[in-house]
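In case you want the letters, here they are:
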Amino acid sequence: MAGRQRQRASRRRAGGRVLLPALLLCLCCRAASERIRYAIPEELGRGSLVGPLARDLGLSPAELPARKLRLSAEKQYFGVSGESGNLYVSERLDREEMCGESASCSVSFEALVQNPLNVFHVEVAIQDVNDNAPTFSKAALDLEIGEWTVPGARFALEMARDADVGSNSLLTYELTSNPSFSLAVTESPDGSKQPELVLERALDREKQSSFQLVLTAADGGEPVRSGTVQVRVNVTDANDNAPAFSKSVYEARVRENLPAGSLVLRVRATDADAGSNGRVSYCFGNVPHGVRALFSVDSESGEVRTAGPLDFEEKSKYSFGLEARDGGGLTAHCKQAQPNTDWRFSQTQRPGTSGSQNGEEGGAWPNNQFDTEMLQAMILASANEAADGNSTLGGGTGTMGLSARYGPQFTLQHVPDYRQNVYIPGSTATLTNAAGKRDAKSASSSGGNKKKSGKKEKK
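A quick note: this is a predicted structure, and the numbers were derived from the prediction, not measured.

A. Representation of the pairing of strand β7 (residues 118-127) in the model. Two elements, strand β1 (residues 35-41) and β7, share seven bridges in a ladder whose sense is parallel. Bridged to R35 within β7 is H121. As judged from the eight bridges shared by strand β6 (residues 106-113) and β7, these two strands associate in the antiparallel manner. In the strand pairing of β7, V107 is matched with V124. Between β6 and β7, which pair antiparallel in sequence order, lie four residues; one of them, N115, sits at a positive phi of approximately 55 degrees.

B. Representation of the pattern of salt bridges in the model. By the definition in use, this model includes nine salt bridges. Between R154 and E196 there is a salt bridge, with the nearest N and O atoms lying 2.9 Å from each other. You can see R154 sitting in strand β9 (residues 154-156) and its partner E196 sitting in strand β12 (residues 193-199), a full 42 residues away along the chain. Where salt bridges share partners, they join E43, R92, D94 and E97 into one cluster.

C. Molecular detail of the state of the cysteines. Applying the stated rule across the entire model yields one disulfide. There is a disulfide in this structure between C99 and C105, and the S-S distance comes to 1.8 Å. Because the torsion about its S-S bond is 65 degrees, the bridge between C99 and C105 counts as right-handed. Looking at C105, the relative accessible area reads 4%, which means it is buried.

D. Representation of the nonpolar core in the model. Core analysis: the biggest nonpolar cluster contains 26 residues, and L53, L69, F78, L87, V122 and V124 have the highest contact counts within it. For this core, the elements supplying multiple residues, two or more each, are β1, α2 (53-56), β4 (78-80), β5 (87-89), β6 and β7. Discounting chain neighbours no more than four positions away, the residues touching L87 are Y38, S48, L49, V50, G51, L53, L71, F78, G79, F109, V122 and V124.

E. Quick peek at the environment of G328. Checked against the element boundaries, G328 lands in the loop between β22 (319-325) and β23 (331-337). Along the primary structure G328 and A238 are separated by 90 residues, whereas in three dimensions their C-alpha atoms are 8.9 Å apart. With residues up to four places along the chain from it excluded, the contact list for G328 reads N239, S276 and N277.

F. Expanded view of the environment of T176. Its place among the elements puts T176 in the loop between β10 (172-175) and β11 (181-187). Linking T176 and Q212, residues 36 residues apart in sequence, is a C-alpha distance of 9.2 Å. Excluding anything up to four places from it in sequence, T176 contacts L213 and V214.

G. A look at the side chain of D311. Checked against the element boundaries, D311 lands in the loop between β21 (303-306) and β22. A polar contact is formed between the side chain of D311 and the backbone nitrogen of E313, at a distance of 3.0 Å.

H. Here's a closer look at the packing of aromatic side chains. Under the defined criterion, the tally for this structure stands at seven aromatic pairs. Between F245 and Y250, the aromatic rings sit 6.4 Å apart at their centres with planes inclined by 75 degrees, giving edge-to-face as the arrangement. According to the relative accessible area criterion, F245 is buried, its value standing at 14%. Classification of Y250 by relative accessible area gives buried; the value is 6%. Ring-pair connections join several aromatic residues into one group, and the members of that group are F284, F295, Y318 and F320.

I. Spotlight on the layout of surface pockets. Taken as a whole, the largest pocket holds about 430 Å³ of empty space. Contributing to the lining of the largest pocket are 16 residues, with A160, D162, S169, L171 and S192 lying nearest its centre. For the lining of the largest pocket, the per-class residue count stands at seven nonpolar, three polar and six charged.

Definitions and limits used
Residues numbered from 1 in each chain as written. Predicted model: local features only at pLDDT ≥ 70, side-chain atom pairs only at ≥ 80, totals over all residues. Heavy atoms only, no water. Pairing = 2+ DSSP bridges. Helix = DSSP H or I, 4+ residues; strand = E, 2+ residues; numbered from the N terminus. Salt bridge = Lys/Arg side-chain N within 4 Å of Asp/Glu carboxyl O. Disulfide = S-S within 2.5 Å. Buried < 20%, exposed > 50% of the residue type's maximum accessible area, 1.4 Å probe, protein only. Core = buried A, V, L, I, M, F, W, Y, C linked by side-chain atoms within 4.5 Å. Contact = heavy atoms within 4.5 Å. Polar contact = N/O pair within 3.5 Å; in protein donor to acceptor, adjacent residues only side chain to side chain. Phe/Tyr/Trp six-rings, centres within 6.5 Å; stacked < 30°, edge-to-face > 60°. 1 Å grid on protein atoms, 1.4 Å probe; cavity = no way out; pocket = protein on both sides within 12 Å on 5 of 7 lines; lining within 4 Å. Points joined across faces, edges and corners; volume = space filled by probe spheres on them. Nonpolar A, V, L, I, M, F, W, Y, C, P; charged D, E, K, R; others polar.

That's the geometry; what it means functionally is another story.
Right under this line is the structure:
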């Protein structure tokens, strides 16, 4: 009897030892399955209340010292008060740093109590606030649109980014008003919106070469936040303008004794296009080889210079064409005419006279070799000044005149082919340019004075 009682007591003790771990396991499983949830907005300051954790766990303030409520988490975003058992914020909560662009964001950790040991799961959801404005990756977007582009063409613009989520990240776009452009927005399957610049009318670079626009992106938060970017449109050039010379004909007067490399004149052409299409270069047109041997043209400056010796007796006038070409291949042409400017002295017999030149008819012809050469030198000097455009002896720029010493006995008279003759009133004497020396030879054979030239005759 006593033995059976001892066996029953032993079985009861063994059963108790088996039952206690099972009860503890069930208790832990029950506690682990429970979850306490809170939700707070991001960016709450340190010490901000999250919730009454001890009360939500069923603990009274009197139990807290013995139960020793504490948190177990790798990142201590939160803390618990040992006196009140309240859960509070211990570190800054930035939802974008913690969860990026995820639609949901939460922090999970465990709350532990002792005596007996209990474990509770706690989850704090971090709600987004509109603390980020839309941004663009650049301060300005640069577009190049050719002036040949037809209206209706579209040009994709950069999409703005907003680090917030939900309605705080929903973007709308707006473009500054301009009659040449409008804004279109297309929505992608993923919900993102693509802004596009639409050309409303044809562009003309010569009228307006660039446009400055502003694209604004606004989010759907409260209050609304926005970001902007400049849209700079550069109108690229079509080669729709040919070069144009400032004159159709350029004239220059030069002396035959100019050294090689002397400046004859400078031509100038302009092109309303831009870039290479507006860059002008110069060259000869279709000219004989002899012209190229005597003259050169600088392709960049348009300067025409002498390249070889000029000989008045061989040719007294040159006329040739120059070409201006832009980078797109369009050309313009001008002509250069070189008047006769090599002046000589001669005596000829005027038609209808007796050829007498002894001064008896009231003439004032120089009566000796010295005076003859002196008058010749003055005529040559005056002609050279006229060729340079600096004459002060005559009636103004580009004219030839005589010293007052010989007036009023001598006068100047224009004749065709740039000739200027000096007539002596009451006499048959004539001072003329070099083109008249052929007349002088015929005059000498009929009794006139022999021609005296200020320049040695060519042999």
